[in-house]
Amino acid sequence: MSITPLTELGNIVTSSIQTLEAAYAKSGIPYPSLDEPFKPGPLDDDFALGQTTRVLIAAAYQIIATVRGPMETIQDYAPAMYLSSSLGVAVESNIPDIVKDSGLQGLDTRDIAAKAGIDESKTARILRYLASRHVFREVTPNVFANNRISSVLVKAHSLEEIKKNPKIKYEGSPAAAFVGHLTDESLKSAAYISKFIEENPTDIAAPFNMALDPTADMWTWYEKPGNDLRLIRFSSAMKGSGDRFPPDSFTKDIYWKDLKPDSVVVDVGGSVGSVTHLLVKAFPDLKYVVQDLPKVIGQAHEYWKAQYPDEASNPVKTSRVTLQPHNFFFPQPIPNASVYMMRFVLHDWPASKCHTILNHLRAAASKTTKLILFEAIMPYACPPPDGPFSREMEASAGGAGKAPWPLLSNLGLGVGGFHTMFDMQMMTMFNGQERTLPEFSELGRKTGWQLQSVHVDGPLSGIVFVPV
Ligand SMILES: C[S@@+](CC[C@H](N)C(=O)[O-])C[C@H]1O[C@@H](n2cnc3c(N)ncnc32)[C@H](O)[C@@H]1O
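Residues numbered from 1 in each chain as written. Predicted model: local features only at pLDDT ≥ 70, side-chain atom pairs only at ≥ 80, totals over all residues. Heavy atoms only, no water.

Draft legend 1. Geometry of the site of the ligand. In the vicinity of the ligand there are 16 residues, among which G269, D292, N327, F328 and R343 approach most closely. Contact distances for the ligand include 2.6 Å between an oxygen atom and a side-chain N or O atom of D292. Here F328 contributes a backbone N or O atom positioned 3.0 Å from a nitrogen atom of the ligand. (Near = heavy atom within 4 Å. Polar contact = N/O pair within 3.5 Å; in protein donor to acceptor, adjacent residues only side chain to side chain.)

If you want it as structure tokens, here you go:
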């Protein structure tokens, strides 16, 4: 009798767990407990174990989808907004910070609510909703403690510091900032997705504009009075998600090896310049320009000052790095750069706007200029088509060849979940999108850039174009 999909999924789960536990046993450390706060460990960034984990996640979710009644699954998926809103309450009311000092024994909801200044009964209900989904732990009735998941939402600054200066609430706290951004402006905007798609308006750019501002894009909205905290929060979330990529994803020789000293690298839409900072450390003899909107460039000056307390060594002071306000919908002010680089910029924009950005870079490029996009390549949920770059497309769907049967080709929630979540986020806030490789290639083809090479590195890819 041939093996059933369900049995094979069970086999994948069993063998994956054995692999993980064996690796931890070999390193002499226990497998991290879900009940305890997260502590970084030596195996966290092990690529092979990461791949085993992604396959295990894909199989576990596929088992649930197979065995659970379809209506029950719909009852789980359709009200997913309550997961967002509950996480939003927890982070906004500083609950992970409030329960932190009570350790594994937890804190009574009465005390949590009093410290947070919110209703006691609703606090208990929200925390129980989250604890039932493995965020926080209900230790005894109405007593909650941080667990592995909720603990990453503890903020970098203490509650006293935040009370004195609310502007620092999300500073240095990327996970909390990520939740704040997603459960505030993003959640409000997401309520308009179906209206936006049904009406397909020509005068409104994205669901965000239906919800929050009919005329300004999110970046311009952040620069408006009253949104300072949201801008700081977004920058903190962005910096954190950027920091999750291993530094060598950006500094590999494949991108920079042919550049002579003082070659100019322009980080277009570079935010405060955290990718440029990695490059400066790896290639200190190149010249760098970080371009972004004026307020962000203001923050960038603070960022570089904070990184180099000794002013004389600050690459901005020594002119190794220039911080330049520039709107990329206008002609590029630095012509003939050796490299124009953009990380996670094009995914914010629909194709027509990407064409404008890329046309300006093409007009400024010399024959030898390279365009390097650091973006996620959207994997298909089925095997990619045969043809040029099909191996790279396969790699973008999980990193280690074909997904084992009967898993989805993009490993479902093990890999594709992240990409498709970001795609929805881009659609909601900007009418932007995460793109498949053929879609990136097409953007280049329409604007005078030819796809030259693709370097997949986990969820991030370096996509290199040359002028045609
Ligand atoms: C998703 S963030 C990526 C930031 C940075 N590249 C990184 O990976 O950390 C997109 C950036 O584009 C910038 N941006 C948006 N509209 C812009 C415009 N018209 N001109 C220049 N930068 C812009 C935003 O301020 C933001 O810093």
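After that view, the rundown keeps rolling.
Draft legend 2. A look at helix α1 (residues 5–26). With 22 residues, α1 extends 31 Å from end C-alpha to end C-alpha; this agrees with the ideal 32 Å at 1.5 Å per step. Residues of α1 that are buried include every one of L9, I12, V13, S16, L20, A23 and Y24, and no others. For α1, the buried positions fall inside an angular range of 105° around the axis, keeping them on one side. The exposed set on the far side of α1, more than 90 degrees from its buried face, consists of Q18, A25 and K26. Where α1 ends, the next residue or the one after it, G28, has phi of about 75°, a positive value. (Helix = DSSP H or I, 4+ residues; strand = E, 2+ residues; numbered from the N terminus. Expected span 1.5 Å × (residues − 1). Buried < 20%, exposed > 50% of the residue type's maximum accessible area, 1.4 Å probe, protein only. Arc of directions from axis to C-beta.)

Draft legend 3. Structural view of the sheet that holds strand β3 (residues 143–145). Taking strand neighbours across the sheet as the criterion, the three strands line up as β1-β3-β2 in an open arrangement whose pairing is antiparallel. The sheet is open, and its two edges are formed by β1 (107–108) and β2 (137–140), each paired on a single side. In this structure, β2 lies alongside β3, joined through three bridges in antiparallel fashion. From the neighbouring strand, R137 faces β3, where its bridge partner is A145. (Pairing = 2+ DSSP bridges.)

Draft legend 4. Broad picture of the pairing of strand β8 (residues 370–375). Within β8, five of the six residues are buried, leaving the element largely enclosed by the surrounding structure. Judged from the five bridges that link them, strand β7 (residues 339–343) and β8 form a sheet pairing that is parallel. Residue pairing in the sheet places M341 in a bridge with I372 of β8. Viewed along the sheet, the connection from β7 through helix α18 (residues 351–364) into β8 turns out right-handed. Sheet topology note: the β8/strand β10 (residues 460–467) ladder contains five bridges and is antiparallel. Across the sheet, E375 pairs through a bridge with S461, a residue of β10. (Right-handed = clockwise from strand over helix to strand, strands pointing away.)

Draft legend 5. Representation of the sheet that holds strand β9 (residues 449–457) within the structure. Taking strand neighbours across the sheet as the criterion, the seven strands line up as β6-β5-β4-β7-β8-β10-β9 in an open arrangement whose pairing is mixed. In this open sheet, the two edge strands, each paired with only one partner strand, are β6 (321–325) and β9. Pairs of neighbouring strands in the sheet enclose a mean axial angle of 20°, with direction left out of account. In this structure, strand β4 (residues 264–268) lies alongside β7, joined through three bridges in parallel fashion. In the strand pairing of β7, V265 is matched with V339. Against the sheet, helix α17 (residues 294–307) touches β5 (287–292) and β6, its axis set at about 155° to β6. Sitting on the sheet, helix α21 (residues 437–447) is in contact with β8, β9 and β10, with an inclination near 150° to β9. (Axes fitted to C-alpha atoms, helices over the stretch in contact; angles between N-to-C directions. Contact = heavy atoms within 4.5 Å.)

Draft legend 6. Representation of the pairing of β6. Of the strand pairs in this sheet, β5 and β6 are connected by five bridges, and their pairing is parallel. Note that in β6 the partner of V289 across the bridge is T322. Regarding topology, α17 serves as the crossover connection from β5 to the parallel β6, and that connection is right-handed.

Draft legend 7. Molecular detail of the nonpolar core. Among the nonpolar cores identified, the biggest contains 40 residues, and M218, Y340, M342 and L371 are the most heavily contacted of them. Considering every element that reaches this core, the biggest residue donor is α18, with five residues. Split by domain, this core shows at least three residues from each of two domains, domain 3 (166–242) and domain 4 (243–467). Not counting chain neighbours up to four residues away, the residues in contact with M342 comprise V268, I357, L358, L361, L371, I372, L373 and F374. Core analysis: the next-biggest nonpolar cluster, separate from the first, contains 28 residues, F245, V275, L279 and M341 among them. (Core = buried A, V, L, I, M, F, W, Y, C linked by side-chain atoms within 4.5 Å. Domains from an automatic or database assignment.)

Draft legend 8. Fine view of unusual backbone geometry. Cis geometry is found at the peptide bond from W405 to P406, where omega equals 0°. Note that P406 resides in the loop between α19 (390–396) and α20 (416–430). Residue N142 is not a glycine yet carries a positive backbone phi of 65°. Tracing the backbone through its elements, the reader meets N142 in the loop between β2 and β3.

Draft legend 9. Focus on the environment of I197. Note that I197 resides in helix α10 (residues 193–199). Along the backbone, I197 and P207 are ten residues apart, and their C-alpha atoms lie at a distance of 8.6 Å.

Draft legend 10. Structural detail: the packing of aromatic side chains. All chains considered together, the criterion is met by 18 aromatic pairs. Measuring from centroid to centroid gives 4.8 Å for Y24 and Y31, while their planes differ by 70°, and the two rings are edge-to-face. On the accessibility criterion, Y24 (9% relative accessible area) is buried. Judged by its relative accessible area of 42%, Y31 is partly exposed. (Phe/Tyr/Trp six-rings, centres within 6.5 Å; stacked < 30°, edge-to-face > 60°.)

Draft legend 11. Main features of the packing of α1 against helix α2 (residues 47–67). Close contact between α1 and α2 brings their axes to 9 Å; oriented N to C, the two are set at 150°. Remark: the crossing between α1 and α2 carries left-handed chirality. Packed against α1, whose contacting residues are L6, L9, G10, I12, V13, S16, I17, T19, L20, A23 and Y24, the element α2 presents L49, T52, T53, V55, L56, A59, A60, Q62, I63, T66 and V67 at the interface. (Left-handed = near helix turned anticlockwise from the far one by under 90°.)

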